[in-house]
Amino acid sequence: MRLVDQTVRGFRVAKVFRENSDKINAIDFSPNGEHLISCGEDDQIVIYDCEKGQQTRTVNSKKYGVDLIHFTHGNTTAIHSSTKVDDTIRYLSLHDNKYLRYFPGHTKKVISLCISPVEDTFLSGALDKTLRLWDLRSPNCQGVMHLSGRPVAAYDPEGLIFAAGVNSECIKLYDLRFFDRGPFITFKLNQEKECDWTGLKFSRDGKTILISTNGSTIRLIDSFHGTPLQTFTGYLNNKGFPIEASFSPDSQFIFSGSTDGRVHVWNSDSGHKVCVLNGDHPGPVQCVQFNPKLMMFASACTNMAFWIPEEKAAQN
């Protein structure tokens, strides 16, 4: 099934989960698309089976809190940042709820966390103005980049380079093999006046970078030259939330939540708004991601919603 405007407009909520008592602050699909993990401000980690449309496990992180959760390369382990005690990153075994390793080093809140698509390495960025490179097998930081401002980071789809967005005004590209030499290219953009950058994502073909903010602006730039391609607006964010923007797997569409509880979708080539989807979210939708393998996406406020195309919903 190809994603075209008509298909996107026909997405409907197939299942709503009400496991959380507070806002869900991060979600992540497993690389094979079979599972989804979420974490919330109620310190709960919830795991879902995407094919069966079921919640399969709940894990509590009451002591340290939990944010920015990501599956590692399987679906039995995850990493997450902490919201209590300290700013250590934690590596968790999900089947027995035991921490496998701690990654201390950041001295202020971690605001960016991403896993390499090909290796057991990950990047973290924090309000201490550092970006750190880690290996899951070692508690010791593999490298530190001291930056001039607030960092956000992302790996390219091949895991060869990473992008660091700094101070909501420039993007630096690093070669992972030689990151200690500094960036091989820097793109200077107009600094955001009304908001901060809160996330970067490469498109699956690696040609563009999507910039999320805590305002009501999403930007798309060319990843080779840094040229601004599109600015997506017209969604509500009147609370300063780090609202997530995501690509569809074919990179043709951009999905975003909003504080009015709806999901907004744009065409990435033309920049035109395709539709606004209403899933009856009672609160602000901070997280939206498309499944990498299955024809479904998830959106989350305090509730988690699974969306599928109308014709599939009719078959079910």
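Our subject is the structure listed above.
What you see is a predicted model; the values in this text were computed from it and never measured.

1. Quick look at the sheet that holds strand β24 (residues 262-267)
Taken together, 4 strands build an open sheet; the order of strands is β22-β23-β24-β25 and the sheet is antiparallel. Each edge of the open sheet is held by one strand with a lone partner, namely β22 (245-247) and β25 (273-278). Pairs of neighbouring strands in the sheet enclose a mean axial angle of 20°, with direction left out of account. Strand direction decides the pairing type here: strand β23 (residues 253-256) and β24, joined by 4 bridges, are antiparallel. Across the sheet, residue I254 finds its bridge partner in β24, namely W266.

2. What to know about the nonpolar core
In this structure, V8, F11, F255, V263, V265, L277 and F297 are the most contacted members of the largest nonpolar core, which totals 18 residues. The set of elements that each furnish at least two residues to this core consists of β23, β24, β25, β26 (287-290) and β28 (304-309). No other element matches the 3 residues that β25 contributes to this core.

3. Examining the pattern of salt bridges
Summed over all chains, the structure comprises 12 salt bridges. A salt bridge links R12 to E310; its shortest N-O distance comes to 3.3 Å. Here R12, found in strand β1 (residues 11-17), pairs with E310, found in helix α2 (residues 310-315); they are 298 residues apart in sequence, far enough to count as distant. According to the relative accessible area criterion, E310 is partly exposed, its value standing at 41%.

Reading the values: rules and limits
Each chain has its residues counted from 1, following the order in which its sequence is written. The predicted nature of this model means local features are confined to residues of pLDDT at least 70 and side-chain atom pairs, given and counted, to a pLDDT of 80 or more, with totals for whole chains, interfaces and linings taken over all residues. Side-chain descriptors were evaluated using all non-hydrogen atoms of the structure, hydrogens and water having been removed beforehand. Only strands joined by at least two bridges in the DSSP assignment are considered to pair. The numbering of helices and of strands both runs from the N terminus, where a helix is a DSSP run of H or I of at least 4 residues and a strand a run of E of at least 2. What counts as an axis is a line fitted to C-alpha atoms, over the stretch in contact for a helix, and the angles between N-to-C directions run from 0 to 180 degrees. Residues belong to a common nonpolar core when they are buried Ala, Val, Leu, Ile, Met, Phe, Trp, Tyr or Cys residues joined through side-chain atoms within 4.5 Å. Three exposure classes are used, based on accessible area relative to the maximum for each residue type with a 1.4 Å probe and protein chains only: buried under 20%, partly exposed in between, and exposed over 50%. Salt bridges, as used here, are contacts in which a Lys or Arg side-chain nitrogen is within 4 Å of a carboxyl oxygen on Asp or Glu.

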